[in-house]
Amino acid sequence: MFFHLYIADNKSFFELAPRSNRLLTAISKLCKKCHGRAPKLVGIDVVEMQLWAKKNAKILLAGAPDVMLESFAIHEEEIVNDGGDVEIGEIYSDAYEELVSKDEEEDMDALLGMYVLGIDEADAFSERLTKEVIALDTANVHAILENAPIVDEVTELLDMTLGSVEDLEEWISTINVKIRYMREDIAAIESANNCLETQVRNNSLLLKELHLVSDRFRVPPEYAETLKEGTFEEVKVAQNVEACKWLATALRDLQPPYLEPSYASMRAIREKRDELEKLKRVFLKRATSFLCDYFSSVIESTISDKDTFSTKGKLRKPVRDDLRFKCRTYARMIKHMKALDKNSLQPLRKSFCLSLNVLIRREVREFANELRSSTVAKQTNSVWLDRLESSKTQSSPVGESTVSEAYSRMLRTFIPFLVDESSFFASFMCFEVQLLTPQVDPDDVSDDSETEARVVNVDDTVPNTQNQQALESKTLKEALRELLDGIQEDFYAVIKWAHRQDPWSCISMQGATEKYLSSHKADAAWFVHGLLDDLQVRISNNFNQVVAETSKQFERTERNQAGVLYSIIKFAKLTTLIEFQIVGRNSRGGIDAAYEILAGTIFSTIENIGENDPKNFEIFAIDNYAAFQDRMYELAAVTPVLEKFYIQATDSYAQACQQYVQTMINYQFERFTSFVEKVEVLLLSTEPGKVSSMPGFTKSDLRKKLKSSLSGVEKSLTFTYKRMQKSIQRQDILTTLWNQYFKPMFFEKYKALEEILSKCYKEESLKPSSADMKIILDRMLIA
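This structure is a prediction, so every number in the text was calculated from the model and none was measured.

Novice: I keep staring at the confidence of the model for the chain and nothing clicks. Help me out?
Specialist: For residues with low pLDDT, the predicted coordinates do not support detailed interpretation. Confidence in the prediction of the chain, expressed as mean pLDDT, is 77, and 75% of residues score 70 or more. Low confidence marks residues 60-65, where pLDDT is under 50. Its contacts with residues over four positions away, or in another chain, come to 11 contacts.

Dropping the structure here:
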């Protein structure tokens with residue numbers, strides 16, 4: 001809030017308007033009270049106003065507005081209530097305390113005391129003050145100029161002091177760095193001292209632990225003597241096993257995770273491990289050499305025993321009780337030898353395989369030779385089909401030949417034995433594969449001479465990882481090949497001999513092989529399974545050879561009734577023999593294929609004869625197809641392939657019968673049958689009423705044909721039957737032809753003629769009528 005006061009004629013504001021001063025004072029107080037601050041006064045001499053206010057204090061209070069008086073009254077009442085005695089000037093002091101402070105007032109009083117001027121000499125006072133101010137400024141300047149050298153000297157000293165201070169700061173910083181380095185060195189030395197103290201404690205504990213570890217792996221004197229120089233006699237086997245077991249455990253404990261990884265690289269541990277490794281190599285070399293010599297001597301003693309092999313008039317099955325008992329003595333030691341080193345058994349396995357292979361091959365060869373020589377089988381030089389008659393006298397009640405029985409006995413004796421031997425070898429030589437207990441057919445258990453020896457229960461090994469098991473399986477297969485290689489030649493010789501003695505024995509031989517083939521698929525029976533596969537292939541090849549030769553003989557038979565009928569009879573006998581000898585499900589496919597070849601050859605031969613001799617084909621086909629149905633009726637009911645050919649023969653037989661009957665009707669009643677056919681063709685393009693007017697189809701032509709064809713129809717039918725009887729030798733076929741084919745076909749044509757007369761020749765009648773003809777035909781029923 002601004003108040004601008006203008007004074008005219010250079011007169012004082014206080015001189016002109018005493019009341020305005022009071023107003024101004026009241027306004028100032030009011031603004032202070034209402035707005036919290038005093039107003040800004042412009043154009044007013046504060047000094048003069050102060051002097052005026054002090055002089056007229058009582059007048060101001062007396063002439064103040066009610067608001068101000070009320071304010072002063074309230075203020076005064078508060079002071080009185082506080083118990084203080086105040087003067088009126090103190091009460092009024094609040095009216096102008098905001099205009100001039102107390103210090104300013106004192107200074108102003110002193111100044112005014114020095115310069116006593118009138119109130120009207122304000123201009124002069126102002127001018128004088130101005131001069132004084134200028135004089136003071138000049139005095140200050142001179143004082144400053146006089147003090148300049150001192151200031152310069154002080155400044156120079158300050159600069160020198162500042163330089164010294166900077167040098168001092170640099171020196172202090174250098175000292176601080178050195179002190180910091182000294183502290184770091186002191187901390188490093190303390191840390192190193194702590195580490196050295198810790199290391200000293202750890203080294204003492206480590207030396208103590210190493211002494212304990214070294215004591216634990218120190219070889220006991222009794223074990224050291226056994227491993228280095230001990231013998232391998234039967235009485236010392238337990239001692240050798242214990243020493244070997246301790247050595248394997250010690251070597252295992254020197255490897256992580258059984259030993260702390262930090263210990264494994266220590267020199268003391270390495271030296272101890274090298275010592276035990278050297279001891280292990282010495283023991284394994286000595287043990288392997290002893291076992292190779294021991295097993296070779298045991299097997300040689302078995303071979304030198306004459307009662308081990310089959311002799312003339314006596315077949316002996318291999319027996320392993322004594323040999324396996326001697327082997328079982330060292331079974332645990334062999335197991336611990338492998339625990340020491342998995343590759344340590346390779347020389348022992350190879351030596352054992354070679355020695356045992358000689359024994360097995362001789363057992364198989366002697367048994368096979370005696371089996372062939374003791375089997376009575378009459379060999380014939382006749383053709384393949386003629387051997388069916390001879391095999392009938394050599395077969396068992398179920399159709400199995402003696403050579404097939406000999407082959408089955410060979411399998412019963414040696415296939416379970418070879419599986420047993422393979423399983424024993426895999427278990428005894430610690431191959432980590434799944435072992436197989438030989439499976440014996442229930443029919444074979446009753447034969448005491450063929451009772452199977454079971455696998456010896458050596459400490460079983462459990463397969464490790466899948467990769468390791470695959471590696472073990474591969475190693476076992478190679479070892480089994482060395483163990484059993486060569487015995488397959490004796491089995492091949494038995495198959496060749498059986499095929500030469502009885503070609504059709506391959507059917508039952510194939511079934512017997514299949515029975516054993518499906519039972520031995522484990523790793524331990526790998527070689528035996530492969531041997532059975534080879535036997536199956538060879539027997540199948542022999543069977544295919546027999547079928548091919550039989551098919552050629554069917555083709556080479558005489559192209560007449562007797563030749564084809566001979567093939568059908570032989571085929572029926574052959575199928576009966578084959579069906580009796582089938583054993584197993586897998587043989588069915590090969591036998592069905594053989595049936596396809598042989599039956600297809602017979603049917604194609606019949607068709608070829610028909611093409612070369614069409615005049616007599618119907619009679620030839622009827623006889624042969626009828627013979628095929630008669631021979632194959634029972635087997636076709638249970639064999640799908642033979643059922644298919646039976647149905648084919650039935651359809652071909654019916655077709656041949658229809659063609660033959662059609663030929664006989666056309667031959668005996670050619671005129672009326674041809675007339676019926678021509679009229680039926682004419683009716684396709686002409687109305688029935690116009691047929692009688694066509695040339696060649698008049699009523700007179702009709703009467704001539706009926707008279708020549710149907711006069712004495714009963715005699716003609718009898719003559720036709722006798723003619724058929726001369727051609728058909730079998731009465732059952734003749735009866736079927738007459739009753740089921742000739743009579744229905746002839747009556748159908750006769751009835752068709754009657755229908756034509758009713759349509760085209762309504763005035764003509766057929767004598768005898770179709771009803772009478774049916775009676776005539778029924779009277780001629782042939783039983």
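Novice: What am I meant to see in unusual backbone geometry here?
Specialist: Trans peptide bonds make up the majority, and among non-glycine residues the majority have a negative phi. The peptide bond linking Pro-256 to Pro-257 adopts the cis configuration, its omega dihedral lying at 5 degrees. Its place among the elements puts Pro-257 in the loop between helix 11 (237-253) and helix 12 (261-264). The phi dihedral of Cys-430 is positive, around 60 degrees, even though this residue is not glycine. With respect to the helices and strands, Cys-430 occurs in the loop between helix 18 (402-428) and helix 19 (442-445). Exposure remark for Cys-430: the relative accessible area of 3% places this residue in the buried category.

Novice: Before we go on, may I ask you to explain the packing of helix 18 against helix 23 (residues 526-556) in this structure?
Specialist: The angle between the axes and the distance between the axes are what describe a pair of packed helices. Close contact between helix 18 and helix 23 brings their axes to 10 Å; oriented N to C, the two are set at 155 degrees. Here helix 23 runs roughly antiparallel to helix 18, going by the angle between their axes. For the pair helix 18 and helix 23, contact is made by Tyr-407, Leu-411, Ile-415, Leu-418, Val-419 and Ser-422 and by Val-528, Leu-531, Leu-532, Leu-535 and Ile-539, respectively.

Novice: How should a nonpolar patch on the surface be read in this particular structure?
Specialist: Taken together, the side chains of Ile-150, Val-154 and Leu-158 present a nonpolar region at the surface, about 270 Å² in accessible area. Mapping Leu-158 onto the fold places it in helix 9 (residues 148-216).

Novice: Where do I start with the environment of Phe-571 in this structure?
Specialist: Here Phe-571 lies in helix 24 (residues 561-581). Between the C-alpha atom of Phe-571 and that of Phe-628, which follows or precedes it by 57 residues, the distance is 9.2 Å. With near-sequence residues (within four places) excluded, Phe-571 lies in contact with Phe-554, Tyr-595, Leu-598, Ala-599, Ile-602, Phe-628, Met-632 and Leu-642.

Rules used in this analysis
- Residues numbered from 1 in each chain as written.
- Predicted model: local features only at pLDDT ≥ 70, side-chain atom pairs only at ≥ 80, totals over all residues.
- Heavy atoms only, no water.
- pLDDT = per-residue confidence, 0-100.
- Contact = heavy atoms within 4.5 Å.
- Helix = DSSP H or I, 4+ residues; strand = E, 2+ residues; numbered from the N terminus.
- Buried < 20%, exposed > 50% of the residue type's maximum accessible area, 1.4 Å probe, protein only.
- Axes fitted to C-alpha atoms, helices over the stretch in contact; angles between N-to-C directions.
- Parallel < 35°, antiparallel > 145°, perpendicular 65-115°, else oblique.
- Patch = residues over 30% accessible without salt bridge, like charges linked within 9 Å, V, L, I, M, F, W, Y side chains within 5 Å.
- Areas by Shrake-Rupley, 256 points an atom, 1.4 Å probe, with all protein chains shown as cover.
- Salt bridge = Lys/Arg side-chain N within 4 Å of Asp/Glu carboxyl O.

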